[in-house]
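Here is how the chains run, residue by residue.
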Amino acid sequence: MAEQRVGIIMHGVTGRMGYNQHLVRSILAIRDQGGIALKNGDRLVVDPIIVGRDSGKIEALARKHNIARWGTDLDAALANPDDTIFFDAGTTLMRAGLLERALAAGKHVYCEKPTSDDLEVAVNLAKTARASGLKHGVVQDKLFLPGLMKLKMLRDSGFFGKMLSVRGEFGYWVFEGDWQQSQRPSWNYRKNDGGGIILDMLCHWRYVMDNLFGEVQAVSCLGATHIPERVDERGNSFQCDTDDAAYATFELEGGVIAQINSSWTTRVRRDDLVTFHVDGTHGSAVAGLHKCWTQHRVNTPKPVWNPDQPQTMNFFADWEEVPDNWPADNGFKAQWEMFLRHVAEDAPWPYGLEAGAKGVQLAELGLKSWEERRWLDVPKLEF
């Protein structure tokens, strides 16, 4: 058994997502487990360099996590031939430019989504990556969640029969920042900084629907700015000029209807911060991040509508939980390992920058639907 080193340039790891999910719970976890086993018996060992503008923050992270290499000079990092992968979890508005620089430097690229706030930019980026012959990918983390993996297993087994509809609920109350500190960065609520829940979340719902329920064919979306004023990290009030909630309906391939609410202005009374309720002719299922419950048609109760008497049925009691029949790893880490195998041994990989462009397309159409107050078709993209 031999070791193969892979050098990874990581940009944007001082942010919440880049730090928690990608640096600590993915790359450092892979490092600490001794790398990844390849098909030929070798082990792929990761060697990250973290890069950012704030030298103090970057150095502190490096010291805290025993990362030998760090810096503030991205051009120098991209010029190093020993580092072959570039990863970005920085701001949306910078992402396409950074990825183009990395591709021009001959690096494989992997990134958070959305890949841009502009569809033309996202499509051109995917075309550039395809023409380069380099490996490229975009995070599709929710497909690797145990709850959604169980939904996929149910679908593949024929459990649902003919799938009819999907109802998704995502969100939680994000504090305004005045009397309690906000748990999301203030740029989320400023359009010029790439904020807005439609741009943020419809990119997710695109790959979830395309891969689990049917390709998206049309969208009707209504956005809202329910809380017009918030307080930023410095304690200053600011006006929110982009959406903090979105109420969308989608027509999917095969006649499936999906309705997904996304909100940073809702209080949670459901099984998880995101849930998907799938109804089919033979059975229904409800999945959260980790758990999934089913109700088959032979176990479906027959409720009786009587508004004059209190309800006596416990509707939750008639559902069965899908067991955890396989070990569940962190979803971000699982996708990182998949991408690293794709780079090292050309293992299968369906989540290229084309998937990122599809997410941008749906977000852009969602915003246009809201502006024009009408249904819009989702055409196939050409790469």
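Criteria and cut-off values
- Residues numbered from 1 in each chain as written.
- Predicted model: local features only at pLDDT ≥ 70, side-chain atom pairs only at ≥ 80, totals over all residues.
- Heavy atoms only, no water.
- Axes fitted to C-alpha atoms, helices over the stretch in contact; angles between N-to-C directions.
- Helix = DSSP H or I, 4+ residues; strand = E, 2+ residues; numbered from the N terminus.
- Parallel < 35°, antiparallel > 145°, perpendicular 65-115°, else oblique.
- Left-handed = near helix turned anticlockwise from the far one by under 90°.
- Contact = heavy atoms within 4.5 Å.
- Nonpolar A, V, L, I, M, F, W, Y, C, P; charged D, E, K, R; others polar.
- Buried < 20%, exposed > 50% of the residue type's maximum accessible area, 1.4 Å probe, protein only.
- Expected span 1.5 Å × (residues − 1).
- Salt bridge = Lys/Arg side-chain N within 4 Å of Asp/Glu carboxyl O.
- Phe/Tyr/Trp six-rings, centres within 6.5 Å; stacked < 30°, edge-to-face > 60°.
- Pairing = 2+ DSSP bridges.
- Right-handed = clockwise from strand over helix to strand, strands pointing away.

(A) How the structure looks around the packing of helix 4 (residues 92-104) against helix 5 (residues 119-132). Orientation of helix 4 relative to helix 5, taken along the N-to-C sense of each, is 15°, at an axis distance of 11 Å. Judged by the inter-axis angle, helix 4 sits roughly parallel to helix 5. In this structure, helix 4 meets helix 5 at a crossing whose hand is left-handed. Every residue of helix 5 that contacts helix 4 at Ala96, Leu99, Glu100 and Leu103 is listed here: Val121, Leu125, Thr128, Ala129 and Ser132. Of the residues assigned to the contact of helix 4 with helix 5, the class counts are six nonpolar, two polar and one charged.

(B) Up close: the side chain of Thr265. Along the chain, Thr265 falls in the loop between strand 13 (257-263) and strand 14 (274-280). Residue Thr265 is classed as buried on the basis of its relative accessible area, which comes to 16%.

(C) View of helix 4. With 13 residues, helix 4 extends 19 Å from end C-alpha to end C-alpha; this agrees with the ideal 18 Å at 1.5 Å per step. Of the residues making up helix 4, those classed as buried are Thr92, Arg95, Ala96, Leu98, Leu99, Ala102 and Leu103. Once helix 4 finishes, Gly106 follows within two positions and takes phi at roughly 85°, a positive value.

(D) Molecular detail of the pattern of salt bridges. Under the counting rule described, the total for this entry stands at 25 salt bridges. Across the pair Asp47 and Arg69 runs a salt bridge whose closest N-O atoms are separated by 3.5 Å. Taken together, the positions of Asp47 in strand 3 (residues 43-51) and Arg69 in strand 4 (residues 69-71) put the pair 22 residues apart, joining distant regions of the chain. Of the charged contacts, one joins Glu372 and Arg374 as a salt bridge, the two residues approaching to 2.6 Å between their closest N and O atoms. On the basis of relative accessibility, which here comes to 35%, the residue Glu372 falls in the partly exposed class. Each of Arg5, Asp47, Arg69 and Asp83 takes part in salt bridges that share partners, so that together they form one network.

(E) Summary view of the packing of aromatic side chains. Taken as a whole and judged by the stated rule, the model has 15 aromatic pairs. Summarising the aromatic geometry, the rings of Phe170 and Tyr172 are spaced 6.3 Å apart at their centres and angled 80° between planes, so their arrangement reads as edge-to-face. A single burial state applies to Phe170 and to Tyr172, both of which are buried. Between Phe170 and Trp205, the ring centres sit 5.8 Å apart and the planes meet at 70°, which makes this aromatic pair edge-to-face. On the criterion of sequence distance, the pair formed by Phe170 in strand 8 (residues 163-171) and Trp205 in helix 7 (residues 197-212) is long-range, its members being 35 residues apart. Both residues of the pair, Phe170 and Trp205, count as buried. Among the aromatic residues, ring-to-ring pairing joins Phe87, Tyr110, Phe144, Trp336, Phe339, Trp349 and Tyr351 into one connected group.

(F) Up close: the packing of helix 7 against helix 9 (residues 353-372). Running from amino to carboxyl end, helix 7 crosses helix 9 at an angle of 120°, the nearest separation of the two axes being 7 Å. Comparing their axes, helix 9 and helix 7 come out oblique. For the pair helix 7 and helix 9, the crossing hand works out as right-handed. Here Ile198, Leu199, Leu202, Cys203, Arg206, Met209 and Asp210 of helix 7 lie close against helix 9, whose contacting residues are Lys358, Gly359, Val360, Gln361, Leu362, Ala363, Gly366, Leu367 and Trp370. For the contact of helix 7 with helix 9, the residue count by class is 10 nonpolar, three polar and three charged.

(G) Structural detail: the sheet that holds strand 8. Pairing is mixed in the open sheet, where nine strands are placed in the order 17-16-15-14-8-13-12-9-18. The outermost strands of the open sheet, each flanked by one partner alone, are strand 17 (320-321) and strand 18 (376-377). The pairing of strand 12 (residues 245-252) with strand 13 spans seven bridges and is classified as antiparallel. Within strand 13, the position partnered with Ala245 by the bridge is Ser263.

(H) Structural detail: the pairing of strand 6 (residues 108-111). The alternating pattern of strand 6 places His108 and Tyr110 on one face and Val109 and Cys111 on the opposite face, and all of these are buried. Note: strand 5 (residues 83-88) against strand 6, four bridges, orientation parallel. Paired with Phe86 across the bridge in strand 6 is Val109. Two elements, strand 6 and strand 7 (residues 136-138), share three bridges in a ladder whose sense is parallel. Paired with Val109 across the bridge in strand 7 is His136. For the segment spanning strand 6, helix 5 and strand 7, crossover handedness is right-handed.

Such coordinate-based values are descriptive only and should not be taken to indicate function.
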